[in-house]
Each structure stands twice: as structure tokens, then as C-alpha cells.
Amino acid sequence: MTRLSTTTQEAATATEWGRKDLLGLEDLSAAEIESILDLAASFKGSHPLSEAPLKRRTVAFLFTEPSTRTRSSFEVAARRLGCEVLGFQTAASSLLKGESLLDTIWNLEAMGIDFFLIRHEHSGVLEPLAPQTKASLINAGDGAHEHPTQALLDMFTLREKKGKLKGLKVVIVGDITHSRVARSNIHGLKKLGAKVTVCGPAALIPKGIEKLGCAVSHDLDRALEGADAVNVLRLQLERQKQNLVTSVGDYYQAFGVDGARLEAHPDLIVLHPGPMNRGVEISSAVADGPRSAILEQVSNGVLVRMAVLSLLDSWRTANGR
Ligand code: CP
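Residues numbered from 1 in each chain as written. Predicted model: local features only at pLDDT ≥ 70, side-chain atom pairs only at ≥ 80, totals over all residues. Heavy atoms only, no water.

A short note on the packing of aromatic side chains
Phase 1 of the analysis: This model, assessed by the stated rule, comprises two aromatic pairs.
Phase 2 of the analysis: Judged by centre distance (5.6 Å) and plane angle (70 degrees), the rings of Phe61 and Phe63 are edge-to-face.
Phase 3 of the analysis: Measuring from centroid to centroid gives 5.6 Å for Tyr251 and Phe255, while their planes differ by 35 degrees, and the two rings are tilted. With a gap of four residues between them, Tyr251 and Phe255 both fall in helix H8 (residues 248–255), about one helical turn apart. Comparing Tyr251 with Phe255, the two get one shared label, buried. (Phe/Tyr/Trp six-rings, centres within 6.5 Å; stacked < 30°, edge-to-face > 60°. Helix = DSSP H or I, 4+ residues; strand = E, 2+ residues; numbered from the N terminus. Buried < 20%, exposed > 50% of the residue type's maximum accessible area, 1.4 Å probe, protein only.)

Written out as C-alpha cells, the structure is:
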């Protein structure tokens, strides 16, 4: 276990960190998750930093799926910490000639890359790669497995708005089957003492999900009773190999989050990881309304990603990397 490496970070938290990679939240302890959230909080209002604590570090993106928020947010976070950002584009790389992800990592590592931000369509793609490279791997979303920094920024936003996570009731509604965001949120929220209910049509909720420690509902109005927050997921039509909902209109009627549905819950906060399908899973009035924390989530994402990069940097420094 290593202590944080810079004066900024040491001032922010005395928590210890002992990991090279961030592959998911399933394996993290509550203390590790809290250390990320606390360090992220210490970065609030600190832009620009008075120092560039990661100025000797270089990050590269290996994204085989599209992204607006995660990629840009990591790039902003890395630059705020003083990192160099390699302008590597997977769509114009030798991955297209059949070079493996591991060979790509080894070649870029030989050029001095410290951090790889990886988004990939296959669940679990990072786990076998991580022990084979000295670089730090960060999961930016792998298949339907995990999207740890999205869940961390969701939790950060909830904690900031509600003052705590322990004891909160969070409903995650939508396409749970295809959602890495749902899985990471369930792992993270449960570890920090929140209660989670996943809600959606039976066809979009995987069998056995309750083994992760969440409740399951197919009735959104009942699920929202007593809830502190609802995290609305995108209907991932591009990942559905068959039509899992009868129609978008039927889906919206049963599971769409609109003003009328939320009227009875004045203190409920609305989250959405983005990108949003307005009029499919959420109304514009709710998405842009006073109870929406959606753009705050995006702002907080930069802080959370700064914290993740800083903690992994502290491990690298302490281990001579
Ligand atoms: N929430 C999220 O992962 O958004 P992007 O796909 O735009 O990165």
C-alpha cells in the first residue's frame, strides 16, 4: 500500500491506495471507493491547479466504441493534472490490420505511455491484459460488464446532493441487461450502504441480478416509492439482437421518467449517464428541469477522473514506474 504522492493529494486525504489499475468497482473496498470520492471532492473549485502533479505522465485512449463524455472528460482531467495526451485514434490504427489489443498496448508502453483508458465492446477484456503490462489500465466501459468511473461520478453527485450515500434508496430504471453503468452502480452503491432497486421490463433485466444485492421491480411507480434518486438508463437499441421491447411508445408509457410520474416525489433527484434518448426513457422537461443533476454529473466526472489518475499515479511513483 502506498501513500499519495503529491502535496496536493496528501493534503486532500490520508487514505492509502494499493492498485495499479482500475478495472471495476466489484473488487474495490468501501474505503477505496471513498478515497476516490474524497479526493475528487478536494479538486472541486481547484481549477487551475497551482501545480501540475502528473506532468511526467502520458495517457492514451484505446476506444473501440464511440464516446462523448467519458473520453472528453478523461482528456480534460488528464490535462488539468499536467499529463500529455497521445492523439491515438483506434479507428486509424493497426488494430484494423489485426494487431491485438495487447500488442498495441506493449508498443505504446514502449513509447512511454503510463495510462491506457480503454473502452471496448467485450465484457472483461481488461482483466487478462492488466497483469501483462506495467502501464495502468483504466476501464472506460467494457461491454455490459463495468463502467467504474461513471458509477463513481454518479455516486459523487448523489453524495454531494444528499450529503450521504448510506441508507439512500436508488432506483436504476431501463435497459439493465446491456448496462455496464447499472452493474458498476450496484457494486459501488451497495458497498457504501445504499439500497438499490433495478426496474424495467422483464426482457431487459437479466436473470439472477438480485444476487448482486439489489431488489428487482417491473413497476416504476411502485419502485419510486420512498426513493431518493432515480438513475435513468438509455435504451440501448443498438445492442439488442432482437426486439426486447414491444414499442418505444409502450416503453415510455411504462418506464419513461416524466414530470407527471415524479410529481409525488418532490425530493427525488434524477440522474442519467448519457447519451439520452429524449422522449424514449426521459422527457425533456425532466432532463432539463430543476431536479435533474445530469450536467452536474458531467462536471463531477472530471473531478472523479482526476482523482482516479492521481491515485494510480501515486501507486506508480511508489513502485518505481
Ligand atoms: N456515460 C458515458 O459513458 O457517455 P459516453 O458514451 O459519451 O462516454
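Here's the deal with the site of the ligand
Phase 1 of the analysis: Around the ligand, the neighbouring residues are Ser67, Thr68, Arg69, Thr70, Arg119, His147, Gln150, Pro273 and Gly274.
Phase 2 of the analysis: In the model, an oxygen atom of the ligand is placed 2.7 Å from a nitrogen or oxygen of the Thr70 side chain.
Phase 3 of the analysis: Residue Pro273 places a main-chain N or O atom 2.8 Å away from a nitrogen atom belonging to the ligand.
Phase 4 of the analysis: For the shell around the ligand, the class distribution of residues is one nonpolar, six polar and two charged.
Phase 5 of the analysis: Here the shell around the ligand spans two domains, since at least three of its residues come from each of domain 1 (2–147 + 299–318) and domain 2 (148–294). (Near = heavy atom within 4 Å. Polar contact = N/O pair within 3.5 Å; in protein donor to acceptor, adjacent residues only side chain to side chain. Nonpolar A, V, L, I, M, F, W, Y, C, P; charged D, E, K, R; others polar. Domains from an automatic or database assignment.)

Comments concerning the domain arrangement of the protein chain
Phase 1 of the analysis: The assigned domain composition of the protein chain is domain 1 (2–147 + 299–318) and domain 2 (148–294).
Phase 2 of the analysis: The distance between the C-alpha centroids of domain 1 and domain 2 comes to 26 Å.
Phase 3 of the analysis: At the interface, 34 residues of domain 1 touch 27 residues of domain 2.
Phase 4 of the analysis: Both faces combined, the contact of domain 1 with domain 2 buries some 2,500 Å², and carbon together with sulfur accounts for 62% of it.
Phase 5 of the analysis: Contact with domain 2 buries surface across domain 1, with Leu25, Leu37 and His147 losing the most and accounting together for 27% of the total.
Phase 6 of the analysis: Viewed at the interface, domain 2 and domain 1 are joined by three salt bridges. (Contact = heavy atoms within 4.5 Å. Buried area = accessible area lost by both parts, 1.4 Å probe. Salt bridge = Lys/Arg side-chain N within 4 Å of Asp/Glu carboxyl O.)

Quick notes on the pattern of salt bridges
Phase 1 of the analysis: Evaluated as defined, the whole model comprises 13 salt bridges.
Phase 2 of the analysis: Residues Asp114 and Arg316 are paired through a salt bridge, measuring 3.9 Å at the closest nitrogen-oxygen approach. Residue Asp114 is found in the loop between helix H4 (101–110) and strand S3 (115–120), and its partner Arg316 is found in helix H11 (residues 294–318); the two are separated by 202 residues along the sequence. This pair shows no difference in class: Asp114 is buried, exactly as Arg316 is.
Phase 3 of the analysis: Asp288 is paired through a salt bridge with Arg278; the nearest N and O atoms lie 2.8 Å apart. Here Asp288, found in the loop between helix H10 (284–287) and H11, pairs with Arg278, found in the loop between strand S9 (269–271) and H10; they are ten residues apart in sequence, far enough to count as distant.
Phase 4 of the analysis: Judged by its relative accessible area of 53%, Asp288 is exposed.
Phase 5 of the analysis: When its relative accessible area of 43% is taken as the criterion, Arg278 is described as partly exposed.
Phase 6 of the analysis: What emerges from the salt-bridge pattern is a single network uniting Arg56, Arg57, Asp114, Asp313 and Arg316.

Notes on the sheet that holds strand S1 (residues 58–63)
Phase 1 of the analysis: Strand order in the open sheet formed by four strands is S2-S1-S3-S4, and the pairing between neighbours is parallel. In this open sheet, the two edge strands, each paired with only one partner strand, are strand S2 (84–85) and strand S4 (136–142).
Phase 2 of the analysis: As paired elements, S1 and S2 share two bridges and run parallel to each other. Bridged to Thr58 within S2 is Glu84. (Pairing = 2+ DSSP bridges.)

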